[in-house]
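Each chain is listed here by its residues.
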Amino acid sequence: MSSSDIFIGETIGTAILILLGGGVCAAVTLKASKARNAGWLAITFGWGFAVLTAVYTSAPLSGAHLNPAVTLALAIKDKDFSNLPTYWGGQLLGAMIGATLVWVAYYGQFRAHLTDKEIVGGPGAQATAAKAVEAQEQGAGPVLGVFSTGPEIRNAVQNLATEIIGTVVLVLAVLTQGLNDKGNGLGTLGALITALVVVSIGLSLGGPTGYAINPARDLGPRIVHALLPLPNKGGSDWGYAWIPVVGPLIGGAIAAGIYNVAFA
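Residues numbered from 1 in each chain as written. Predicted model: local features only at pLDDT ≥ 70, side-chain atom pairs only at ≥ 80, totals over all residues. Heavy atoms only, no water.

Things to note about the overall build of the chain
Logical step 1: Along the chain, the regular secondary structure elements total 12 helices and zero strands.
Logical step 2: Listing the helices and strands of the chain from first to last along the sequence gives α-α-α-α-α-α-α-α-α-α-α-α.
Logical step 3: The 264 residues of the chain split such that 51% are buried.
Logical step 4: Within the chain, counting contacts between residues at least 6 apart in sequence, those at least 24 apart form 76% of the total.
Logical step 5: Summed over all atoms, the accessible surface of the chain reaches about 11100 Å², with 66% contributed by carbon and sulfur. (Helix = DSSP H or I, 4+ residues; strand = E, 2+ residues; numbered from the N terminus. Buried < 20%, exposed > 50% of the residue type's maximum accessible area, 1.4 Å probe, protein only. Contact = heavy atoms within 4.5 Å. Areas by Shrake-Rupley, 256 points an atom, 1.4 Å probe, with all protein chains shown as cover.)

Regarding helix 4 (residues 84-105)
Logical step 1: The terminal C-alpha atoms of helix 4 lie 32 Å apart, and with 22 residues this matches the ideal 32 Å at 1.5 Å per residue to within 8%.
Logical step 2: Among the residues making up helix 4, those that are buried are L84, T86, Y87, G90, Q91, G94, A95, G98, A99, V102 and W103.
Logical step 3: Contact partners of the buried residues in helix 4: helix 1 (3-29), helix 2 (40-62), helix 3 (68-78), helix 5 (107-114), helix 8 (144-147) and helix 11 (215-227). (Expected span 1.5 Å × (residues − 1).)

Thoughts on the side chain of T162
Logical step 1: Relative to the elements of secondary structure, T162 occurs in helix 9 (residues 156-176).
Logical step 2: Leave out the neighbours within four places in its chain, and T162 touches L205, P208 and T209.

Observations concerning the confidence of the model for the chain
Logical step 1: Per-residue pLDDT for the chain averages 91, and the proportion of residues at 70 or more is 89%.
Logical step 2: Confidence over residues 124-137 falls short of pLDDT 50; this stretch has 17 contacts with residues more than four positions distant or in other chains. (pLDDT = per-residue confidence, 0-100.)

Quick look at the pattern of salt bridges
Logical step 1: Using the criterion set out here, one finds four salt bridges in the structure.
Logical step 2: In this structure, the salt-bridge partner of D218 is R222, at a minimum N-O distance of 2.7 Å. Of the two residues, D218 and R222 both sit in helix 11, four residues apart, roughly one turn of that helix. (Salt bridge = Lys/Arg side-chain N within 4 Å of Asp/Glu carboxyl O.)

Thoughts on the packing of aromatic side chains
For any pair of aromatic rings, geometry is given as the distance between the ring centres together with the angle between the planes.
Logical step 1: Under the definition given, this model contains five aromatic pairs.
Logical step 2: Ring geometry for F45 and F49: centres 6.2 Å apart, planes at 45 degrees, overall tilted. Residue F45 and its partner F49 are both found in helix 2; the two are separated by four residues, about one turn of the helix. (Phe/Tyr/Trp six-rings, centres within 6.5 Å; stacked < 30°, edge-to-face > 60°.)

Regarding the nonpolar core
Logical step 1: Residues L17, W47, F110, F147 and L230 are the most contacted members of the largest nonpolar core, which totals 56 residues.
Logical step 2: In terms of residues, this core owes the most to one element, helix 9, which gives nine residues. (Core = buried A, V, L, I, M, F, W, Y, C linked by side-chain atoms within 4.5 Å.)

Concerning the packing of helix 11 against helix 12 (residues 243-262)
Logical step 1: It is the contact of helix 11 with helix 12, at a shortest axis distance of 8 Å, that shows an interaxial angle of 165 degrees. Viewed along their axes, helix 11 and helix 12 adopt a mutual orientation that is roughly antiparallel. Crossing geometry of helix 11 relative to helix 12 is assigned as left-handed. Residue-level inspection shows P215, D218, L219 and R222 of helix 11 in contact with helix 12, the latter providing P244, V245, P248 and L249.
Logical step 2: Tallied by class, the residues present in the contact of helix 11 with helix 12 amount to six nonpolar, no polar and two charged. (Axes fitted to C-alpha atoms, helices over the stretch in contact; angles between N-to-C directions. Parallel < 35°, antiparallel > 145°, perpendicular 65-115°, else oblique. Left-handed = near helix turned anticlockwise from the far one by under 90°. Nonpolar A, V, L, I, M, F, W, Y, C, P; charged D, E, K, R; others polar.)

Remarks on the packing of helix 3 against helix 9
Logical step 1: Running from amino to carboxyl end, helix 3 crosses helix 9 at an angle of 55 degrees, the nearest separation of the two axes being 10 Å. With respect to their mutual orientation, helix 3 and helix 9 come out oblique. In the crossing of helix 3 with helix 9, the sense of the turn from one axis to the other is right-handed. Mapping the contact onto sequence places A69, V70, A73, L74 and K77 in helix 3 and T167, V171, V174 and L175 in helix 9.

Okay, here's the thing in C-alpha cells:
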C-alpha cells in the first residue's frame, strides 16, 4: 500500500464511520428527529453497523485501521512505525469530515434543538434531563454528545481505566482474528466480527464513558464541535478530552503486548 492509498483510505473510511456513528447519536438526541429517544440499543447497533460499512469501504485501500489505537497496536506488533503518521493523519481528517457531514445532514434539527428554551435555558425554561446531563458533564454543551463522548460519573482514574479496558478488548479482537491474508488489515469476515465486537463493547462497557475506544473518533468531532457555528452549543469539555485519546492509545499498546506474549 502506498502512502497516498493509506491516507485516502483512512480518510474515507473514518469519515464514513463518524458520519454513521455520529449520525445515530444525532438521530437519538435531537428534537424533530424521527428516531429521538430511540435509546442505547439504537446507538450501539448504529455504531456497529458504522464500523462494518467503513471497514468494507476502506479495506481495499488502507486495510481499514480507522483507529489510531489499532494502528499503534499493529505498529508495535510488526515493529514498523513508518506509516503511523500517515494513518493517524487520515483518521483525524476523516473524523472531522464525518462530524461536519453529520451537522449538514441534521442542520435543521440542530437549530431546533439549540433554540429550544427547555434545552438551552432562558425565560420560562423548565428543568429537563438534557439540562441535568449538561450540569453533570462539566463544561459540556447540550449537543456535545452527538460529537464526542463524556462520562456519566466524572472520575479520571475510572474513566481512563474504562477506556483502556474497552480498547484492549477491541484491539485484541482485531489482532487475533480478522486480519487478511497479507496481515495488513481486516478482511471480509474480520469486518463483520469486529463490528459485532464494537456492539458488544458498547452494550457491556459503554455505560460509564460512552466508549470512545478510538482517539480520532473523539478528538476529531470534538474539534468540529468547537468550530461549528452552532447557536447555544455550549462548551466542548476540553478538560475531559485527553481521556478518550490517551486511554485508547494505552489500551492499544497493552493489547499489542498481550498479543506478542501470548499469540505471536
